[in-house]
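Read off the chains here:
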Amino acid sequence: MLSQNPPLPDAPGHEPGDRHSRPDTPADAGADRRRAHKQRVDDNKLAKRLMRETGRAIADFNMIEEGDKVMVCLSGGKDSYSMLDLLLTHQSRAPIKFDIVAVNLDQKQPGFPDHILPEYLKNLGVPYHIETQDTYSVVTRVIPEGKTMCSLCSRMRRGILYRVADELGATKIALGHHRDDILATFFLNLFYGGRMKAMPPKLMSDDGKHIVIRPLAYVMEKDLIAYAALKQFPIIPCNLCGSQENLKRKEVGRMIAEWDKKMPGRSWNVFGALSRVVPTHLMDQNLFDFAGLAVTGTPDAQGDMAFDREDFDNPGLAPDRENGDDDGGQTSAEGGRPHKTIFMTDLRSL
């Protein structure tokens, strides 16, 4: 008697009867379950790490206070989606009360899908405002074809967002720049601007009326890529304007990525150095009065070490991202001392 269900043909490239043409065995099913369990564990670690690092940045720089209205600038990219998602979670858990309003600036770039963000925010149930301003036409009229439009575009965008913040009564403006953005800005200033300047986690706006915060300051970009994939955010492409990419920034980004791959801890040590500046051992006369320096007769442990050998065997604070996910602190990837991380839920005791 012929079978009612003839066997399926073997997959292309496989011999008849090999494991790809056979049904899954109990061993295969067990392996699938283990992989699925490991993925769930990894996803949970990622979410916890991002909550911890954003909470630590918020606490370290007092970014959000009782009664704040935080305007979260949403572009439709992975960074701003992640920032909004994490801040909403902090809002639900924090011992302080603060409001969130999401704001998107529709600059009328050709092909911009203007329905995606309103639909996403409406489904999310978060207050939002879409500001429509045709800056694209202005920029393309002023900037010659083939030239980078980013500088003028960003200045116009900044001015509009400041105005919108005033109209909405926002006390803080949250931007989605992350650790890699801060490092890249530092190196761009160092290599091409001849100055030591980065992107601060918190600053006053150039009009003197607003406080700008960057809650993702301690977050690596690769974690945001993974988080966006996990959450399946409806990402909007960032190259709709057709402007040329910042080649210098991409070059610096590749350098940082190479360090993270080959020498874990180096980029974190550079990042940590931004918060451990020693003006007496640099050359900026505006930060230290070298001309007026005189002996005091009092020993100084942090004084001149011109005759000492520098010890770099135990460099700064770089988080141990493999082993530090579930404890209350992070440890240097190259053996540095641990340091405490802070959640927004810890703010009550500060």
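Refer to the structure presented above.
Let me begin by describing the structure that accompanies this report. The shown structure was predicted, so the numbers you read here are calculated from the model rather than taken from an experiment.

**What about the overall build of the protein chain?**
Per the secondary structure count, the protein chain includes nine helices and eight strands. For the protein chain, the proportion of its 350 residues judged to be buried stands at 38%. A total accessible area of about 21400 Å² is found for the protein chain, and carbon and sulfur atoms account for 54% of it.

**Quick notes on the nonpolar core**
One finds I64, V72, L87 and F187 to be the most contacted residues of the largest nonpolar core, which totals 51 residues. When residues in this core are grouped by element, the largest group, six residues, is from helix α6 (residues 179-193). When neighbours within four sequence positions are excluded, L87 is seen to be in contact with I58, I64, V72, F98, I100, A174 and P215. M71, L105, I160 and I173 belong to the second-largest nonpolar core, a separate cluster that totals 14 residues.

**Topic: the sheet that holds strand β6 (residues 211-213)**
In spatial order, the strands read β3-β2-β1-β4-β6-β5; together these six strands make up an open sheet with mixed pairing. Looking at which strands have only one partner, the edges of the open sheet turn out to be β3 (128-132) and β5 (202-204). The mean angle between the axes of side-by-side strands here comes to 25°, regardless of whether they run parallel or antiparallel. Of the pairings in the sheet, the one linking β5 to β6 comprises three bridges and is antiparallel in character. Paired with L203 across the two strands is V212, which belongs to β6. Sheet strands in contact with helix α2 (residues 78-93) are β1 (69-73), β2 (99-106) and β4 (172-174), and its direction is about 165° off that of β2. Strands in contact with helix α3 (residues 116-124) are β2 and β3; relative to β3, the strand with the most contacts, it is inclined by about 170°.

**Looking at the packing of helix α8 (residues 247-262) against helix α9 (residues 266-273)**
In contact at an axis separation of 7 Å, α8 and α9 are set at 120° when each is read in the N-to-C sense. Here α8 is positioned oblique relative to α9, judged by the angle of their axes. Within the contact between the two elements, α8 uses I256, W259 and D260 and α9 uses R266, S267 and V270. Classifying every residue of the contact of α8 with α9 by side-chain character gives three nonpolar, one polar and two charged.

**Some details on the side chain of H210**
Inspection of the secondary structure assignment puts H210 in the loop between β5 and β6. Side chain to side chain, H210 and D207 meet in a polar contact 3.3 Å long. Aside from chain neighbours lying at most four places away, what touches H210 is Y162, A165, D166, I173, L203, M204 and S205.

**Points about helix α7 (residues 221-231)**
The set of residues buried in α7 consists of D223, L224, Y227 and A228. Buried positions in α7, seen along its axis, are confined to an arc of 135° and lie on one side of it. Of the exposed residues in α7, those oriented more than 90 degrees away from the buried face are K222 and A229. On its buried face, α7 sits against α1 (26-60) and α2. One or two residues past the end of α7 sits Q232, with phi positive at roughly 55°.

**A closer look at α2**
Across its 16 residues, α2 extends 23 Å between first and last C-alpha, which sits within 8% of the 22 Å expected from 1.5 Å per residue. On its buried face, α2 is in contact with α1, β1, β2, α3, β4 and α7.

**Considerations on the pairing of β3**
Pairing of β2 with β3, which is carried by five bridges, proceeds in the parallel orientation. Each residue of the ladder has a partner; that of V103, found in β3, is H129. In this view, the connection linking β2 to its parallel neighbour β3 by way of α3 has right-handed handedness.

**Observations regarding unusual backbone geometry**
Phi at K108 takes a positive value of approximately 60°, unusual for a residue other than glycine. Look at Q232: it is not a glycine, yet its phi comes out positive at around 55°. Positionally, Q232 belongs in the loop between α7 and α8.

**A few points about the packing of aromatic side chains**
Considering all chains together, one arrives at 12 aromatic pairs under this definition. Relative to Y120, the ring of Y81 lies with its centre 5.0 Å away and its plane at 80°, an arrangement referred to as edge-to-face. Highlighted residues: Y81 in helix α2 and Y120 in helix α3, separated in sequence by 39 residues. Using a relative accessible area of 16% as the deciding quantity, one classes Y120 as buried. Centre to centre, the rings of W268 and F271 are 5.7 Å apart; their planes meet at 90°, and the pair counts as edge-to-face. Of this pair, W268 and F271 both sit in helix α9, separated by three residues, roughly a single helical turn. Across this residue pair, the class does not change: W268 and F271 are buried.

**Points about the packing of α1 against α2**
Interhelical geometry of α1 versus α2 gives an angle of 75° and a closest axis separation of 10 Å. Relative to α2, the element α1 is oriented roughly perpendicular. Along the contact surface, α1 presents L50, M51, T54, G55 and I58, while α2 presents L86, L87, T89, H90 and R93.

**A word on the pairing of β1**
With four of five residues buried, β1 lies mostly within the body of the structure. Taken together, β1, α2 and β2 constitute a β-α-β crossover, and its handedness is right-handed. By the bridge criterion, three bridges tie β1 to β4 in an arrangement that is parallel. Bridge pairing in β4 links V70 to K172.

Parameters at a glance
Residues numbered from 1 in each chain as written. Predicted model: local features only at pLDDT ≥ 70, side-chain atom pairs only at ≥ 80, totals over all residues. Heavy atoms only, no water. Helix = DSSP H or I, 4+ residues; strand = E, 2+ residues; numbered from the N terminus. Buried < 20%, exposed > 50% of the residue type's maximum accessible area, 1.4 Å probe, protein only. Areas by Shrake-Rupley, 256 points an atom, 1.4 Å probe, with all protein chains shown as cover. Core = buried A, V, L, I, M, F, W, Y, C linked by side-chain atoms within 4.5 Å. Contact = heavy atoms within 4.5 Å. Pairing = 2+ DSSP bridges. Axes fitted to C-alpha atoms, helices over the stretch in contact; angles between N-to-C directions. Parallel < 35°, antiparallel > 145°, perpendicular 65-115°, else oblique. Nonpolar A, V, L, I, M, F, W, Y, C, P; charged D, E, K, R; others polar. Polar contact = N/O pair within 3.5 Å; in protein donor to acceptor, adjacent residues only side chain to side chain. Arc of directions from axis to C-beta. Expected span 1.5 Å × (residues − 1). Right-handed = clockwise from strand over helix to strand, strands pointing away. Phe/Tyr/Trp six-rings, centres within 6.5 Å; stacked < 30°, edge-to-face > 60°.

By themselves, these observations are geometric and do not establish any function.
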